Amino acid sequence: MKKSLILLNVFAVTLLTACTEDSGLVKSISPLNPSEVTEVSTSKPSTEVFVQGAHVMYEGATTRASYQFPHAYDDGTETARFYIRRDGKVPDYSDKSSALYYGRSSGGNNLGKVYTAFNYDRYNDRDLDYYQRDKKTGYNIGLFRYVYDQEGLETYLAINEAPAISDILNDDRAVYEKDGKTDEVAKIDAILAKGEEYLSSHVLWYVVKEVGMQYGWHVDGVLTESEVVNHSVDVSSIPEEVEVDIHQQEHKDWNEIKVSAHIRADIESLSINLPLEYDNIIEQDDFDIRVYDYYYKEYKVSHEITHDANGVTINISGIEKNFIDGLKKAFGDGLTIEVHNYCLSDENVWNQLKNSKVTTGKSCTLKGQITTAFSDEKVLITNE
């Protein structure tokens, strides 16, 4: 049985802007002073999809997901590069030098995410700092963030999402293979043969640190002989629910409709319809349907986005129970999806957006809200 959302209109205060497009120029009308009109030459934005913080890029017939590095996300996380030592040693970081990080990178698969709200210590990384400079000398003072723990307990709490260990090792392998170091390639192949489950339970993450640039996070780990037991999450405290937030954001030249979905339940599929007038939808390249695929281990989650007379419709499929359960166990949460759409800011957009509908493939607890940057008006999303 499918569940549709019930919209509860809480209260209304109207404050809207309007902008129109004309031969590459956008006319921006101030909401506070309607007589103030400016024209800005600009290119159109394009629909964007993010899954677990990874930017899912549309490339015609195929799509791919990739993290941007360095990058800070709205959910309080930042991209990090992950490295693994294979010598079994945890180095002494008493001097906190970034030169002690270990690992090689082909620029490929070793990207994950760390939390920014963690209570980090600070250290001076080669007198480089992107937060503060000495007013007299102009030199960087050095206030980079880090957490170091030889037991891998505190560091584990700072990590939001780590890539598969096999991805990190294969990243190293690609560099060694390119350099013709066949002995190192053979060593990595022997480790990979042990399987992902073994590898993920035998890596201890001993340091999380910001290196050389703002948001330039490195997470260093060591492959151990004994099993590491700090990689478990109590999933019973995670609610079985789907949370959807739809927000109209104000931009200088157009408005953005940001759709966030947090899926923590076995629902198989999710459909979100934004009933915007077709002529109000802004898109860099005209399209009727685009499909963005996100791959995680053996799972594939597909995002079909349609622009037509019904507005913008986001259909997400491939949401399997084992997939959601695996994310909960590994990262303490379910699947997070963000879709950024763009539209003209005419006075009808908010009235249309308030009638958005959310449908889940299987019955679940559904909650969320529809909001706008132009007023305090709010529409609740619920199935109660």
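Rules used throughout
- Residues numbered from 1 in each chain as written.
- Predicted model: local features only at pLDDT ≥ 70, side-chain atom pairs only at ≥ 80, totals over all residues.
- Heavy atoms only, no water.
- Helix = DSSP H or I, 4+ residues; strand = E, 2+ residues; numbered from the N terminus.
- Buried < 20%, exposed > 50% of the residue type's maximum accessible area, 1.4 Å probe, protein only.
- Contact = heavy atoms within 4.5 Å.
- Polar contact = N/O pair within 3.5 Å; in protein donor to acceptor, adjacent residues only side chain to side chain.
- Salt bridge = Lys/Arg side-chain N within 4 Å of Asp/Glu carboxyl O.
- Phe/Tyr/Trp six-rings, centres within 6.5 Å; stacked < 30°, edge-to-face > 60°.
- Lys NZ or Arg CZ within 6 Å of the ring centre and 35° of its normal.

Section: the environment of Arg122
Point 1. Considering the arrangement of structural elements, one finds Arg122 in strand S11 (residues 121-123).
Point 2. Residue class for Arg122 comes out partly exposed when judged on its relative accessible area of 49%.
Point 3. Note: C-alpha distance between Arg122 and Tyr146 (24 residues apart in sequence) is 6.1 Å.
Point 4. The contacts of Arg122, once residues within four sequence positions are left out, are Leu143, Phe144, Arg145 and Tyr146.
Point 5. In this structure the side chain of Arg122 is engaged in a polar contact, spanning 3.4 Å, whose partner is the backbone oxygen of Tyr120.

So, the pattern of salt bridges
Point 1. Per the counting criterion, the structure on display carries 18 salt bridges.
Point 2. For Glu78, the salt bridge identified is with Arg145, shortest N-O distance 3.4 Å. Placement of Glu78 in strand S9 (residues 77-85) and of Arg145 in strand S12 (residues 144-148) is noted, with a sequence separation of 67 residues between them. As far as burial versus exposure is concerned, Glu78 and Arg145 are alike and both buried.

Describing the packing of aromatic side chains
Point 1. This structure, assessed with the given rule, holds six aromatic pairs.
Point 2. Taken together, a centroid distance of 5.0 Å and an interplanar angle of 40 degrees make the contact between Tyr120 and Trp217 tilted. Taken together, the residues span a long stretch of sequence, with Tyr120 in the loop between strand S10 (111-115) and S11 and Trp217 in strand S15 (residues 217-223) at a distance of 97 residues. As far as burial versus exposure is concerned, Tyr120 and Trp217 are alike and both buried.
Point 3. One aromatic cluster is present, built from ring pairs that chain together Phe118, Tyr120 and Trp217.
Point 4. It is Lys113 that lies over the ring of Tyr73; its NZ or CZ is 5.1 Å from the centre.

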